[in-house]
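The primary structure of each chain is shown beneath.
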Amino acid sequence: MDHFLYRDGVLHAEDVPVTEIAAAVGTPFYCYSTATLERHFRLFDDALEGMDHLVCYAMKAASNQAILRTLAALGAGMDVVSGGEYARAKAAGVPGERIVFSGVGKTEEEIAAALSGGIRQFNVESEPEMAAISAVASRLGREAPITIRVNPDVDAKTHAKIATGKSENKFGIPISRARDVYALAASLPGLKVVGIDVHIGSQLTQLAPFEAAYRKVAELTETLRADGHDIKRLDLGGGLGIPYERSNTAPPLPVEYGAMVKRELGHLGCEIEIEPGRLIAGNAGIMVSKVIYVKSGEDREFLIVDGAMNDLIRPAMYEAHHDIVPVVEAAPGQVPATYDIVGPVCESGDTFAKGRDIAKLEADDLIAFRSAGAYGAVMASEYNTRPLIPEVLVNGDQFAVIRRRPSYEEMINRDSIPEWLEG
Ligand SMILES: *Cc1c(COP(=O)(O)O)cnc(C)c1O
């Protein structure tokens, strides 16, 4: 459920008509709903009630400072995957003890920054990385709390580009080698083993792959404890999917996920961390775009809109579906039209939808891409020298620009001219 609903035929973000935002900021833009972000965070927090737990928002899904502050105010921790994200989390006021550091290639600079600024734990993904964390921690005279990310060799049954839990993926260490790697961790200076980490992929639409992975983690917990390791924390990753198509059956709900976690892991007495990203931000955001032209092709009509693949790359990159709706609803009785909905970028991949039924539209009409809050703005680029589009946050009847559109001049002035080309 989200807070983007029609009132009197006009799409609203909470209590604000989307047409009003478009008039104020121009198109295209991203628009997020505070109430939806908060609701989704609470769904997870409530789902784990009764267990010692921390919901660490995977901020790579949508990392605007205003979004981070909104979630941090509810007590969210953050899952970061780069030094930049760590800095963003700190800038949003998240204390180090609520930040977990994931990712397969943490550099020594990133490790040092997190150790100095405070960190809940590093999720270690390989032996060389473990050695690097040990070395940096020893040099700084600190102890680095770590979990080791195990790869349970489970098929997440999701898009190949976002499956991470099979043995052929680059993530984690094979669970079959976990005992050896934990023994190594215990022998290295500067490290403190605190638990186990697992994350098998994104946009999972069934509980069974999670369940299979968590069973293996439960077994491993007992084995490692018997080996003498103090396993007190289980980081279960993120990955619960969202309904991108309203017409489709919905993925499991956080409450069902939480019940499964309690069932599979509750007896271990561990503190539970989860790292949802997509489910918190995905349906909390839309991308609003304007029709530039309606172009008749030989056998089809193209809706050419001012948003493009550089603004929302998910369709081009993952063949992702986004529901696309008119911001102003069609008059009753009007027959829908069928379009290929495309952006202006010079690539055939700049196609959002083919043969999509939508209301009959004309130039200057507004459309909204639903479920664009996660992996939308954060994956945008300035390809074709198209400015990064603004982000807007709505809260009840208020809205604010939380990242403004840069001018052409700002974009161009980021380049610098070498001396030999001056004059
Ligand atoms: C991407 C990622 C997540 C978040 O995944 P979602 O599908 O957005 O919930 C969580 N943990 C790790 C380690 C990730 O890489």
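Note that the structure is predicted; figures quoted are calculated from it, not measured. (Residues numbered from 1 in each chain as written. Predicted model: local features only at pLDDT ≥ 70, side-chain atom pairs only at ≥ 80, totals over all residues. Heavy atoms only, no water.)

Novice: Even after reading the chapter, I still don't get the site of the ligand, so can you show me in this structure?
Specialist: Close contacts around the ligand come from 15 residues, with Lys60, Ser202, Glu275, Arg278 and Tyr375 the closest. The backbone of Gly239 places a nitrogen or oxygen atom 2.8 Å from an oxygen atom of the ligand. Arg278 places a polar main-chain atom, nitrogen or oxygen, 2.7 Å from an oxygen atom of the ligand. Compared with its free state, where it exposes 390 Å², the ligand has 93% of that area covered by protein. (Near = heavy atom within 4 Å. Polar contact = N/O pair within 3.5 Å; in protein donor to acceptor, adjacent residues only side chain to side chain. Areas by Shrake-Rupley, 256 points an atom, 1.4 Å probe, with all protein chains shown as cover.)

Novice: Please clarify how the environment of Gly141 should be interpreted in this entry.
Specialist: Mapped onto the fold, Gly141 is located in the loop between helix H6 (127-140) and strand E9 (144-151). It is 7.6 Å that separates the C-alpha atoms of Gly141 and Gly190, two residues lying 49 residues apart in sequence. (Helix = DSSP H or I, 4+ residues; strand = E, 2+ residues; numbered from the N terminus.)

Novice: Just checking my understanding: could you explain the sheet that holds strand E3 (residues 16-17) for this structure?
Specialist: Each strand in a sheet pairs with another by means of backbone hydrogen bonds, the pair being arranged parallel or else antiparallel. Read from one edge to the other, the open sheet built from three strands follows the order E1-E2-E3, with strand pairing classed as antiparallel. For this open sheet the edge positions go to strand E1 (4-7) and E3, each flanked by a neighbour on one side alone. Note: E1 against strand E2 (residues 10-13), four bridges, orientation antiparallel. What sits directly across from Arg7, in E2, is Val10. (Pairing = 2+ DSSP bridges.)

Novice: How do you make sense of helix H5 (residues 108-117) when you look at a structure like this?
Specialist: Because each turn of an α-helix spans 3.6 residues, side chains separated by three or four positions in sequence point in the same direction. Of the positions making up H5, those classed as buried are Glu110, Ile111, Ala112, Ala114 and Leu115. If you follow the buried residues of H5, they end up packed against helix H4 (83-91), strand E7 (99-101), strand E8 (121-124), H6 and E9. Gly118 lies just past H5 and shows a positive phi near 100 degrees. (Buried < 20%, exposed > 50% of the residue type's maximum accessible area, 1.4 Å probe, protein only. Contact = heavy atoms within 4.5 Å.)

Novice: Can you help me understand the pattern of salt bridges in this one?
Specialist: In a structure, side chains of opposite charge can pair up when their charged atoms sit close to one another. Counting across every chain of the model gives 22 salt bridges. The partner of Glu211 in a salt bridge is Arg263, with the nearest N and O atoms 3.4 Å apart. Of this pair, Glu211 sits in helix H8 (residues 208-226) while Arg263 sits in helix H9 (residues 254-265), and the two are 52 residues apart along the sequence. Judged by relative accessible area, which is 54%, Arg263 ranks as exposed. Salt bridges here are not isolated pairs; linked through shared partners, they connect Asp2, Arg246, Asp323 and Arg370. (Salt bridge = Lys/Arg side-chain N within 4 Å of Asp/Glu carboxyl O.)

Novice: Please explain the pairing of strand E6 (residues 77-80) as it appears in this structure.
Specialist: The two faces of the sheet receive side chains in turn, since in a regular strand these alternate between them. Burial of E6 is two-sided: the residues Gly77 and Asp79 facing one way and the residues Met78 and Val80 facing the other way are all buried. Relative to E6, strand E5 (residues 53-58) is paired through three bridges, and the arrangement is parallel. Across the sheet, the residue bridging to Cys56 is Gly77, located in E6. As for the winding sense of the linkage, the β-α-β connection from E5 through helix H3 (residues 65-72) to E6 is right-handed. (Right-handed = clockwise from strand over helix to strand, strands pointing away.)

Novice: How should the pairing of strand E19 (residues 366-369) be read in this particular structure?
Specialist: Side chains Leu366 and Ala368 of E19 all project onto a buried face; the interleaved residues Ile367 and Phe369 project onto the opposite face, where all are buried too. As judged from the four bridges shared by strand E14 (residues 285-296) and E19, these two strands associate in the antiparallel manner. Within the sheet, the bridge partner assigned to Met287 lies in E19 and is Phe369. Judged from the three bridges that link them, strand E16 (residues 324-326) and E19 form a sheet pairing that is antiparallel. Following the sheet pairing, Val325 is matched in E19 by Ala368.

Novice: Even after reading the chapter, I still don't get H8, so can you show me in this structure?
Specialist: In this model H8 runs 27 Å from its N-terminal to its C-terminal C-alpha over 19 residues, within 8% of the 27 Å that 1.5 Å per residue would give. Every buried residue belonging to H8 is among Pro209, Phe210, Glu211, Ala213, Tyr214, Val217, Ala218, Leu220, Thr221 and Leu224, and all of these are buried. In the core, the buried residues of H8 are packed alongside E9, helix H7 (178-187), strand E11 (191-197), strand E12 (233-235) and H9. Backbone geometry just after H8 places Gly228 at a positive phi near 100 degrees. (Expected span 1.5 Å × (residues − 1).)

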